[in-house]
Amino acid sequence: AILSHGIDGKIYGTDGDLVLVSEITSFFRGDRAKTLVGKPKIFFLQACRGGSFDDGIEETDGPSDQTDEEREEQLFKKFLDSTPSSDETDGYLGTLPVEADMLLAYATVPGYVSWRNSEKGSWFIQALVKVIHEDAKEDHLMDMLTRVNDMVATEFQSKGRQKQMPAPVTHLRKKFFLRPPRKSGRFF
C-alpha cells in the first residue's frame, strides 16, 4: 500500500519529488521481475489524482429506451464485428503480457481528490480495511473492491457534500483470495 499525496499518474515520495506510478509498478513487470511472472502484484494507492471535486448526482433507476433483447443483439453484433481474424491470433501461446497479474486499486478516479477524515483516516482505506476484515474469509479481492467502491460512493460525504469514487484497475487473470490464517481467523 502506498499512502501519500499525488496528482494523476504521480505520487509524492518522502523527499517531496513526484514519482510516476508506472515507474513504481515497472519494477514488478514480468520482464523486470522474472520470479514474479504469474504471481499477483497488488497495489493499493491512497492519494489524490488531481484537484477536481465530485459534487455527486441524484441516483435514478430511469427506464432505458432499449429492451434487454435489443441491447443483447447490439452487443453481439459489436462482438462479431470486432472478432480478430486468424492471422491476429496466431503465435506462441506460452507467453504472458509483461503487466499480467497486476492490480492497482486507486482511491479515486483520474483528476479528482481523495478525501480523508482527520481522525479516522482516508475514506478508501477505512472502507478497504472494513471490507477485507468482514469478507476475506469467503470472497475474492475484486468482489471486495466492488463493495469498497459502493461503500465509499454511498456511505461517505464531505462537509461540502462532495463524493469520491475509487477506481481499481485490474490485469489479474484469476480470482485472488486473501484468506486469513486458519488458527486465529483474523488478519490483525
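Let me begin by describing the structure that accompanies this report. (Residues numbered from 1 in each chain as written. Predicted model: local features only at pLDDT ≥ 70, side-chain atom pairs only at ≥ 80, totals over all residues. Heavy atoms only, no water.)

1. Points about the packing of helix H4 (residues 123–135) against helix H5 (residues 141–155)
Convention followed: Helix axes are fitted only over the stretch in contact, all axes being lines through C-alpha atoms; the angle between N-to-C directions runs from 0 to 180 degrees. Only runs of H or I of at least four residues qualify as helices and only runs of E of at least two qualify as strands under DSSP, and these elements are numbered from the N terminus. Oblique is the label for any angle not under 35 degrees, not over 145, and not in the 65 to 115 range, which are roughly parallel, roughly antiparallel and roughly perpendicular in turn. Helix crossings fall into two classes, left-handed where the near helix is turned counterclockwise from the far one by less than a right angle and right-handed where it is turned clockwise. Contact definition: two residues touch when any of their heavy atoms are within 4.5 Å. Residue classes follow a fixed rule: Ala, Val, Leu, Ile, Met, Phe, Trp, Tyr, Cys and Pro count as nonpolar, while Asp, Glu, Lys and Arg count as charged, and any other residue, Gly among them, counts as polar.
At a minimum axis separation of 9 Å, H4 and H5 run at an interaxial angle of 135°. As summarised for this structure, H4 and H5 are arranged oblique, according to the angle between their axes. Note that H4 runs across H5; the crossing there is right-handed. Contact residues: Trp 123, Phe 124, Ala 127, Leu 128, Lys 130, Val 131, Ile 132 and Asp 135 in H4; Met 144, Leu 145, Arg 147, Val 148, Met 151 and Val 152 in H5. The residue inventory of the contact of H4 with H5, partitioned by class, reads 11 nonpolar, no polar and 3 charged.

2. As for the packing of aromatic side chains
Aromatic ring pairs are described here by two measures, namely the spacing of the ring centres and the angle between the planes. So the rule is basically this: To pair, rings of Phe, Tyr and Trp, with the six-membered ring standing in for Trp, must have centres within 6.5 Å; the planes then decide the type, stacked if under 30 degrees apart, edge-to-face if over 60, and tilted in the middle. Buried, partly exposed and exposed residues are distinguished by accessible area as a fraction of the type maximum, computed with a 1.4 Å probe on protein chains only: under 20%, between the cut-offs, and over 50%, respectively.
The tally for this structure, following the rule as stated, stands at 4 aromatic pairs. Centroid distance Phe 28 to Phe 43: 5.2 Å. Interplanar angle 75°. Geometry classified as edge-to-face. Of this pair, Phe 28 sits in the loop between helix H1 (21–26) and strand S5 (41–46) while Phe 43 sits in strand S5; the two residues are 15 residues apart in sequence, bridging distant segments of the chain. A relative accessible area of 11% places Phe 43 in the buried class. Taking the centre distance of 5.5 Å and the plane angle of 20° together, the rings of Trp 123 and Phe 156 count as stacked. Of this pair, Trp 123 sits in helix H4 while Phe 156 sits in the loop between H5 and strand S9 (167–170), and the two are 33 residues apart along the sequence. Through pairs of rings, three or more aromatic residues link up here, namely Phe 53, Trp 115, Trp 123 and Phe 156.

3. Let's talk about the nonpolar core
Our working definition: Grouping buried Ala, Val, Leu, Ile, Met, Phe, Trp, Tyr and Cys residues that are joined through side-chain atoms within 4.5 Å yields what is termed a nonpolar core.
Counting 19 residues, the largest nonpolar core has Phe 44, Phe 124, Leu 128, Leu 145 and Val 148 as the members making the most contacts within it. Of all the elements in the fold, those that place two or more residues in this core are strand S6 (102–106), H4 and H5. Excluding residues that lie within four positions of it along the chain, Leu 145 makes contacts with Phe 44, Leu 103, Ala 105, Leu 128 and Pro 168. Val 21, Phe 43, Ala 47 and Met 102 belong to the second largest nonpolar core, which has 9 residues in total.

4. Describing the sheet that holds strand S1 (residues 2–3)
Pairing between the strands of a sheet comes from backbone hydrogen bonds, and it takes one of two forms, parallel or antiparallel. We apply this condition: Between any two strands, at least two bridges found by DSSP are needed for them to pair.
The strand order across the open sheet formed by 4 strands is S1-S5-S6-S9, and the pairing between neighbours is mixed. Single-partner strands in this sheet number two, and they are S1 and S9. Bridge count between S6 and S9: 4 bridges; the pairing is antiparallel. Among the inter-strand pairings, Leu 104 is bridged to a residue of S9, identified as Val 169. Lying on the sheet, H4 is in contact with S1, S5 and S6; it crosses S5 at an angle near 140°.

5. Observations regarding the pairing of S5
Across the 6 residues that make up S5, a large majority, 5, are buried. Of the pairings in the sheet, the one linking S1 to S5 comprises 2 bridges and is parallel in character. From the neighbouring strand, Ile 2 faces S5, where its bridge partner is Leu 45. Note: S5 against S6, 5 bridges, orientation parallel. By the bridge assignment, Lys 41 is partnered in S6 with Met 102.

6. Quick look at the environment of Lys 130
Mapped onto the fold, Lys 130 is located in helix H4. For Lys 130, a relative accessible area of 39% puts it in the partly exposed group. Considered as a pair, Lys 130 and Met 144 are 14 residues apart in the sequence and their alpha carbons are 10.0 Å apart.

7. Considering H5
Residues that lie three or four places apart on an α-helix share one face, since the helix turns once every 3.6 residues. Rules: Expected span of a helix, by definition, is 1.5 Å for each gap between consecutive residues, and there is one gap fewer than residues.
Spanning 15 residues, H5 covers 20 Å between terminal C-alpha atoms, matching the ideal 21 Å at 1.5 Å per step. Within the span of H5, buried status applies to Leu 141, Met 144, Leu 145, Val 148, Asn 149, Met 151 and Val 152. If you follow the buried residues of H5, they end up packed against S5, S6, H4 and S9.

So yeah, pure geometry; function would need other evidence.
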